[in-house]
Amino acid sequence: MRKKISILANVLCVLLAPVISPAVESPESIFSRGSGPMEIIIFSDYFCPPCQMIEPYLEGALADLHRLGAKITFVDKPIHSISPLYSKYFLYAADQASSFSEIIHIRNVLFDIAKSKSVHSEHKLFQKLKENNIKLGLIDVKPIFAEWIKLIQDFDVKSTPTCIVRRPGKELSVFKGSRHIQEGIDLLLEEVSELTTMIQKE
């Protein structure tokens, strides 16, 4: 187990040497949006076929949940050897995003690039993101990668996609695989929508 964690840590530290900007004051503020109290954590990899399959659904569903007050947290769990590069540029772009919709758009662009299977270098990825008008900021991603590793370990995430739902006073909900995640989030949307309607009527 320790060997696997060590490998994960080494993979996430790939390509970080050139980054010299100051550490982010609050790492979570880059990959989490919203204030809760309910939190939805999505563990994914840009090159994971099931992750690619469910991403279009998540774009709309997570936007609705965020609009209804949920906190949405994205955690990249690298599976493909080039995944850490995409994760690094997701964070560069997320740092410049001023809204949740921008975060969703950044993920959409990165997933599309990954599906093309034609971009495997930092230069090409940079160019592709610029072509899609994605703003990039240079930040120290090491503390963010460290926080991701901690979340992966804390929730014992073994595969992607995985969705964790934390709600006050309720047991942790864990959904694995694209179909299970969609079923779980559909039920969650119904629950939150009904609760919001009840509160509005009071």
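Our subject is the structure listed above.
For clarity, every value in this text was computed on a predicted model and none was experimentally measured. (Residues numbered from 1 in each chain as written. Predicted model: local features only at pLDDT ≥ 70, side-chain atom pairs only at ≥ 80, totals over all residues. Heavy atoms only, no water.)

Here we take up the overall build of the chain. On a plain count of helices and strands, the chain comes out with 8 helices and 5 strands. Counted from the first residue to the last, the chain has its helices and strands arranged as α-α-β-β-α-β-α-α-α-α-β-β-α. The buried share of the chain, taken over its 202 residues, is 49%. Restricting to contacts in the chain with at least 6 residues of sequence separation, those with at least 24 account for 77%. When the accessible surface of the chain is split by element, carbon and sulfur atoms take 54% of a total near 10,500 Å². (Helix = DSSP H or I, 4+ residues; strand = E, 2+ residues; numbered from the N terminus. Buried < 20%, exposed > 50% of the residue type's maximum accessible area, 1.4 Å probe, protein only. Contact = heavy atoms within 4.5 Å. Areas by Shrake-Rupley, 256 points an atom, 1.4 Å probe, with all protein chains shown as cover.)

As a further point, take the pattern of salt bridges. Scanning all chains against the criterion turns up 9 salt bridges. A salt bridge links Glu 39 to Arg 166; the shortest N-O distance between them is 2.6 Å. Here Glu 39 is found in strand S2 (residues 39–44), whereas its partner Arg 166 is found in strand S4 (residues 162–166), with 127 residues between them in sequence. In this structure Arg 166 comes out as partly exposed when scored by relative accessible area, which is 33%. Ionic pairing is found between Arg 67 and Asp 64, a salt bridge with its closest N-O pair at 3.6 Å. Here the residue Arg 67 and the residue Asp 64 both occupy positions in helix H3 (residues 49–67), the gap between them amounting to 3 residues, near one helical turn. Judged by relative accessible area, which is 58%, Arg 67 ranks as exposed. A single salt-bridge network, built from bridges that share partners, covers Arg 167, Lys 170 and Glu 191. (Salt bridge = Lys/Arg side-chain N within 4 Å of Asp/Glu carboxyl O.)

Quick look at the side chain of Glu 39 now. With a relative accessible area of 8%, Glu 39 lands in the buried category. Polar side-chain contacts of Glu 39 include one of 2.6 Å to the side chain of Thr 73. Within the structure, Glu 39 has its side chain in polar contact with the side chain of Arg 166 (distance 2.6 Å). (Polar contact = N/O pair within 3.5 Å; in protein donor to acceptor, adjacent residues only side chain to side chain.)

Of all 6 residues in S2, 6 are buried; the element is thus mostly enclosed. Of the two faces of S2, the one holding Glu 39, Ile 41 and Phe 43 and the one holding Ile 40, Ile 42 and Ser 44 are both buried throughout. As judged from the 5 bridges shared by S2 and S4, these two strands associate in the antiparallel manner. Bridged to Ile 41 within S4 is Ile 164. (Pairing = 2+ DSSP bridges.)

Quick look at the nonpolar core now. Among the nonpolar cores identified, the biggest contains 62 residues, and Ile 40, Leu 62, Leu 65, Tyr 86, Phe 90, Leu 91 and Ile 185 are the most heavily contacted of them. Residues within four places of Leu 65 in sequence aside, it is in contact with Met 38, Ile 40, Ala 70, Ile 72, Ile 185, Leu 188, Leu 189 and Val 192. (Core = buried A, V, L, I, M, F, W, Y, C linked by side-chain atoms within 4.5 Å.)

Next up on the list: the packing of aromatic side chains. Per the stated rule, a full pass over the model turns up 8 aromatic pairs. Between Phe 74 and Phe 100 the ring centres are 6.2 Å apart and the planes differ by 15 degrees, which places this aromatic pair in the stacked class. Linking Phe 74 in strand S3 (residues 71–76) with Phe 100 in helix H5 (residues 100–116), this pair joins segments that are 26 residues apart in sequence. A connected cluster of aromatic rings, assembled from ring pairs, spans Tyr 46, Phe 47, Tyr 86 and Phe 111. (Phe/Tyr/Trp six-rings, centres within 6.5 Å; stacked < 30°, edge-to-face > 60°.)

In the contact formed by helix H4 (residues 83–94) and helix H6 (residues 122–131), the axes pass within 11 Å of each other and the chain directions differ by 40 degrees. As H4 packs across H6, the resulting crossing turns out to be right-handed. Residues Leu 85, Tyr 86, Lys 88 and Tyr 89 of H4 lie in contact with H6, whose contacting residues are Glu 122, Leu 125, Phe 126 and Leu 129. Taken together, the residues of the contact of H4 with H6 sort by class into 6 nonpolar, no polar and 2 charged. (Axes fitted to C-alpha atoms, helices over the stretch in contact; angles between N-to-C directions. Left-handed = near helix turned anticlockwise from the far one by under 90°. Nonpolar A, V, L, I, M, F, W, Y, C, P; charged D, E, K, R; others polar.)

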